Amino acid sequence: MKNNKEPEVNLELAIQHGLNEEEWLKILDILGRKPNYTELGVFSVMWSEHCSYKNSIAMIKTLPRSGSRLLVGAGEENAGLVDIGDGLAIAFKIESHNHPSALEPFQGAATGVGGILRDVFTMGARPIASLNSLRFGPLSVPRNRYLFDEVVKGIAHYGNCMGVPTVGGEVYFDECYTGNPLVNAMTIGLVKHDRVTSAISKGVGNTVMIVGSSTGRDGIHGATFASVELSEESEEKRSSVQVGDPFTEKLLLEATLELARKNYLIGIQDMGAAGIACSSSEMSAKGESGMILNLNKVPMREPDMTPYEIMLSESQERMLVVIRRGFEKEVKKIFEKWDLNCVEIGEVTSSASLELFMNGKKVGALPAWDLVLGGGAPVYERETKKPAYIKTVRSKNLKNIPEPNDYNAALLKVISVPSIADKSWIYHQYDHTVRTNTAVPPGGSAAVIRIKGTKKAIASATDGNGRYTYLNPRRGGAIAVAESARNVVCTGAKPIAITNCLNFGNPYDPEIYYQFKEAILGMGEACRVFNTPVTGGNVSFYNESPKGAIYPTPVVGMVGLIEDVNHITTSYFKNDGDFIVMLGTLKGELGGSEYLKVTHNLVAGDAPAIDLPFEKRVHNACLESIRNGIVNSAIDISDGGLAVALAEACIGNPEKSLGASVYISRKLRDDEIFFGESQSVIILSISEHSLLKMEQIAAKNIVPCFTIGRVKDNGRLKLNESVDLSLDDIKSAYENTIPEIMKLAL
Amino acid sequence: MKFGVVVFPGSNCEHDAYYVLKKVLSAEVFYIWHKETSLRLFDAIILPGGFSYGDYLRAGAVARFSPVMKEIVEYAKDGGPVLGICNGFQILLEAGLLPGALIANAGLRFLCQDVFLKVGSTDSAFTKTYTEGQVLKMPIAHYHGNYFADEEVLKCLQDEDRIAFQYSSAEGDISEQYNPNGSKLNIAGIFNENKNVLGMMPHPERAAEKILSSEDGLGIFKSLLENN
């Protein structure tokens, strides 16, 4: 690599770096000259979709991003920050690592987890829980089994070693994700108000330090790679995938939290996409300052690295730290204790630009503000066009599909598809009990984490339905928020804020941009009704394989607050003889349902209707009844409909399964009642003497409330006259699917 | 009674053990950084779970060279009670304080789930508050938890009443179907010859409060407190 001649910088090279002509001209204009190779590299990663959000930021700004609990809003810091009282706040965010995981699933998923953990602890917050949202192609395809297996192992590898419990998530399997799986990772951290740190650089003369791992050539142009579609040639870019070391990250976590307590700390930012380039420019832009960086001082893993490589490296487990001048020794002492690098590489200046030096020679000068999102980075609003397919799929008349002859078989079939079936094969590989806070483990509506030293707990769930969003992008976006809110409500939590991960295809395709725009509008409407602002998140475009784009898949990570741990509610039946009560109304909507896909191989109709103010009333009724202590279990209707919700409530009790007999008077076909995925419906079990109170609460909230059956300790689930199944049969169909399939993976 | 919880680089269950002792049982407890070399102050030492040194090379293989380990070996030889949980158990094996080895789970996957344990010996500083044959519920969370030892060692452990816990059914039935990781004799925890060192894969500190669905792990810490 010695005497490595830098290529000549021109428009052609800029285009190879993923920039377009307009952006190239803008760079010339900003600098007043041609950039050198290093400067071009920095512009290209900073203005990549991944870092600049150039095609999404205008739409994202339409989402509600303020609220009384928000201490730090979306985009201000690495993660949003929400007050939960008692002088405490939670920092949380979800992020995608889709493209790396498509090529190198283990490391791709592992570093996805590592990246989101750093985003949270760089704010001074200790990570207390992680979740994820995953999509793969069908498990009948060996490559998909391999991806699924390795992604789960990668998440486990990183999260388990870090000692952060992975407490929840969701996974779906569909043809559209073959070749382009989705791996979205979320982390929630806890921080005292006065310990919050900021990603800022200011104060002329202050010292800039790099801490953590050494810098290597790994991951150069990862951000650019994430900003194009996957193709046959993508395999060549495997070296763009970083390699994670959770052990070093664990040390970095502890050292960072020690540093966060010190008042000489000015700012700190983790290095993820675009490495030093991104952290130095964002911190400087935020502090309206500049920075001298002596790149040769950066601890390097390999000899002869060029300024270009050092600036763009995405080596993991590193942070950029700005401290008050004179406290370098104190900082070094902390990092030395944890056996980590800690080196001064520069100082803060008043110039507003990043001045790059290599062995005393100036190798670049870049105005920080012009590089960053919210500064000079380009902003585009793309054309939209309503996709032609929407009319075709929605016009399908679902009234004519044949009714099953055997409803027992139909239920067993629906409950045993991998998207619905038991996920314990996955979460048993994740340490979900470390930190001794997991009050409701994975497997229920939402996970619940108690907050030590308070009476409070946090409930969290991830949700998104690509099929609904494909059929009706606006409803799909709204339902992702509504369902995640409903999930945390079922545990007794009031929804307080969301983070979102927006997984879409190529934004330059007007039909894709239509899906994107509509889905965001839907999410915004729902967030406004539930008063759950968006604290931050991530956009992942270009989720396309040679076979086409994925379903538009907006994923919501919802966080809810439980004021009193005594209100924590689980999803399974508890007592023989309890009454089964339904809040909300079944409308028999089969459009976009799992049942339609599984039994009729149809993705058609419209997504289920959603009346947001009504949904909110259902939440209120459910929470009020939980807080009155009358609810023994709560589960919402989602994928697979009423039948699946009831089956899960029957077999979910780890101590003992309990049967149920349910009768619903027919205005609809049985398959519409059992498998329709109507929104805003929650199934509760309550004791007989609480029925009247329940009805009063429902009436007060103007929510329909029907008793639909009883819990029975008879080992059977009965629905109308159509379903009569032993719980053992349901359990084996539900529990064996994924382990049986994955035996083939080893 | 002063407890010490050792912190290695990569330990991640030290806060959990500390919390149980300090907040649930109101005991006196201190962290011991792995470079410490004096343990005389402490009445019991806990090696917590985690991934010390990233489990690089082999779980526990690097941690056993930490300065504190030389002291712990001495401390144990002098009869001081030492409890190794999960990664702590692995370190105790690597340090030669307990016999045998922990190899990868039979299913070759990390396993985090509740298990049932049948108490073997109640004749120890760690288990005396339990009753003979009592069944406990607590979680495991490990990849290398498959206990292996040769026939001679296994026989010795049985003959000397040194099997602390075995994986079982909720009713206490010890058979292969209740063995989560392939351990010989369903072994979940063992003692040294003098029964002042206990290594166990399940996490008693994660089963010490009602809100965590089991309090069965408390007995171990209460037994240690009773020693005073």
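What comes next is a walk through the structure. (Residues numbered from 1 in each chain as written. Chains lettered and ligands numbered in written order. Predicted model: local features only at pLDDT ≥ 70, side-chain atom pairs only at ≥ 80, totals over all residues. Heavy atoms only, no water.)

## Details of the sheet that holds strand 16 (residues 457–463) of chain A
Residues and elements named next belong to chain A. The cut-off we apply is this: Should DSSP find at least two bridges between two strands, the strands are taken to pair. In DSSP terms, a helix is any run of H or I states spanning at least four residues, a strand is any run of E spanning at least two, and both are numbered starting from the N terminus. Here, axes are lines fitted to C-alpha atoms. For helices the fit covers the stretch in contact, and angles between N-to-C directions go from 0 to 180 degrees.
Strand order in the open sheet formed by six strands is 14-15-16-21-17-18, and the pairing between neighbours is mixed. Each of the sheet's edge strands pairs with one partner strand only, and the pair in question is strand 14 (438–440) and strand 18 (534–540). For this sheet, the mean angle separating the axes of adjacent strands, direction not counted, is 25°. In terms of strand pairing, strand 14 meets strand 15 (residues 447–450) through two bridges, oriented antiparallel.

## A look at the pairing of strand 7 (residues 207–212) of chain A
Residue and element names in this part refer to chain A. Basically, it comes down to this: Note on exposure labels: buried denotes an accessible area under 20% of the residue type's maximum, exposed denotes more than 50%, and partly exposed covers the range between, all computed with a 1.4 Å probe on protein chains only.
Counting buried positions along strand 7 yields six of six residues, so the element is predominantly enclosed. Judged from the six bridges that link them, strand 7 and strand 10 (residues 318–323) form a sheet pairing that is antiparallel. Of the residues in strand 10, the one forming a bridge with Ile 210 is Leu 320. Pairing analysis gives six bridges linking strand 7 to strand 11 (residues 341–349), with the strands arranged antiparallel. Paired with Ile 210 across the bridge in strand 11 is Val 343.

## As for the side chain of Asp 16 of chain B
Rules: Here the positive residues are Lys and Arg and the negative ones are Asp and Glu; neither His nor the chain ends is included. By salt bridge we mean one thing: a side-chain nitrogen of Lys or Arg within 4 Å of a carboxyl oxygen of Asp or Glu. Only heavy atoms enter the contact rule, under which two residues are in contact if any of them lie within 4.5 Å.
Within the secondary structure, Asp 16 of chain B sits in helix 1 (residues 14–24). Here Asp 16 of chain B sits buried without a salt bridge, and the closest side chain of opposite charge, Lys 452 of chain A, lies 4.3 Å off (N-O distance). Contact partners of Asp 16 of chain B, with chain neighbours within four places excluded, come to Val 434, Arg 435, Thr 436 and Lys 452 of chain A together with Glu 205 and Arg 206 of chain B.

## Thoughts on the sheet that holds strand 2 (residues 80–85) of chain A
All names here are of chain A. Strand order in this open sheet of six strands is 1-2-3-6-4-5, and the pairing throughout is mixed. Of all the strands in the sheet, the pair left with one neighbour each is strand 1 (70–72) and strand 5 (166–173). Strand-to-strand twist across the sheet, computed as the mean angle between neighbouring axes with direction ignored, equals 25°. Taken together, the nine bridges between strand 3 (residues 88–96) and strand 6 (residues 182–192) define a ladder with antiparallel strand orientation. Note that in strand 6 the partner of Phe 92 across the bridge is Ile 188. Across the sheet, helix 8 (residues 142–162) is in contact with strand 4 (126–136), strand 5 and strand 6; its angle to strand 4 comes to roughly 175°.

## A word on unusual backbone geometry
Trans is the common state for peptide bonds, and a negative phi is the common state for residues other than glycine. Residues and elements named next belong to chain A. Despite not being glycine, Ala 274 has its phi angle at roughly 65°, a positive value. Take Ala 274: it is sitting in the loop between strand 8 (265–270) and helix 11 (275–287). Using a relative accessible area of 0% as the deciding quantity, one classes Ala 274 as buried. For Ala 352, which is not glycine, the phi torsion reads 65° and is therefore positive.

## Here we look at the interface of chain B and chain A
In plain terms, the rule: A 1.4 Å probe defines the accessible area here, and the buried area is the portion of it lost by two parts on being joined, summed over both. Polar contact is defined as a pair of N or O atoms within 3.5 Å, subject to the rule that within protein one atom must be able to donate a hydrogen and the other to accept it, and that residues adjacent in sequence are counted only when both atoms are side-chain atoms. Each residue gets one label: Ala, Val, Leu, Ile, Met, Phe, Trp, Tyr, Cys and Pro are nonpolar, Asp, Glu, Lys and Arg are charged, and the others, such as Gly, are polar.
Taken together, the contact pairs 29 residues of chain B with 36 residues of chain A. When the buried area of chain B at its contact with chain A is split by residue, Arg 109, Cys 112 and Ile 211 of chain B rank highest and sum to 25% of it. Inspection of the chain B/chain A interface yields four salt bridges. For Arg 450 of chain A, the salt bridge is made with Glu 209 of chain B, and the minimal N-O distance between the two is 2.6 Å. Along the contact surface separating chain B from chain A lie twelve residue pairs in polar contact (both at pLDDT 80 or more). Within the residue set of the side of chain B that touches chain A, elements represented by two or more residues are helix 1, strand 6 (111–119) and strand 7 (135–142) of chain B. Tallied by class, residues from the side of chain B that touches chain A come to 14 nonpolar, seven polar and eight charged.

## Considerations on the state of the cysteines
Residues and elements named next belong to chain A. The line we're drawing: Two cysteine sulfur atoms form a disulfide, by the criterion used here, when they sit within 2.5 Å.
Under the counting rule described, the total for this entry stands at zero disulfides over all chains. With no disulfide of its own, Cys 176 has Cys 501 as its nearest cysteine by sulfur position, at a separation of 15 Å. For Cys 176, a relative accessible area of 15% translates into the label buried.

## Notes on the packing of aromatic side chains
The condition that has to hold: Any Phe, Tyr or Trp ring, taking Trp's six-membered ring, that has another such ring centre within 6.5 Å forms a pair; planes under 30 degrees apart are called stacked, those over 60 apart edge-to-face, and the others tilted. Counted as over-ring charges are cases with an Arg CZ or a Lys NZ within 6 Å of the ring centre that also lie within 35 degrees of the ring normal.
Summed over all chains, the structure comprises 24 aromatic pairs over all chains. Their ring planes at 90° and their centres at 5.9 Å tell us that Phe 247 of chain A and Tyr 56 of chain B sit as a pair that is edge-to-face. Residue Phe 247 of chain A is found in helix 10 (residues 246–260), and its partner Tyr 56 of chain B is found in the loop between strand 3 (44–47) and helix 2 (67–77); the two belong to separate chains. Given a relative accessible area of 36%, Tyr 56 of chain B falls into the partly exposed group. A cation over a ring is seen here: Lys 337 of chain A above Trp 33 of chain B, with NZ or CZ 4.8 Å from the ring centre.

## Structural notes on helix 1 of chain B
Those residues of helix 1 of chain B that sit buried are Glu 14, Asp 16, Ala 17, Tyr 19, Val 20 and Leu 21 of chain B. Where helix 1 of chain B is buried, its residues contact helix 10 and strand 15 of chain A together with strand 1 (2–7), strand 2 (28–33), strand 3 and helix 5 (218–226) of chain B. A positive phi of about 50° marks Ser 26 of chain B, the residue just after helix 1 of chain B.

## Regarding the pattern of salt bridges
If charged atoms from side chains of opposite charge come close, those side chains can pair. The final tally for this structure, using the stated rule, is 49 salt bridges over all chains. The residue Glu 655 of chain A makes a salt bridge to Lys 137 of chain B at a minimum N-O spacing of 3.4 Å. One end of the pair, Glu 655 of chain A, is in the loop between helix 23 (641–651) and strand 24 (659–662); the other, Lys 137 of chain B, is in strand 7, on a second chain. In this structure Glu 655 of chain A comes out as exposed when scored by relative accessible area, which is 61%. The residue Glu 160 of chain B makes a salt bridge to Arg 162 of chain B at a minimum N-O spacing of 2.8 Å. Under the relative-accessibility criterion, Glu 160 of chain B is labelled partly exposed at 39%. When salt bridges that share partners are traced, they join Asp 86, Lys 456 and Glu 563 of chain A into one network.

Take it as geometry only, folks, not as evidence of what the structure does.
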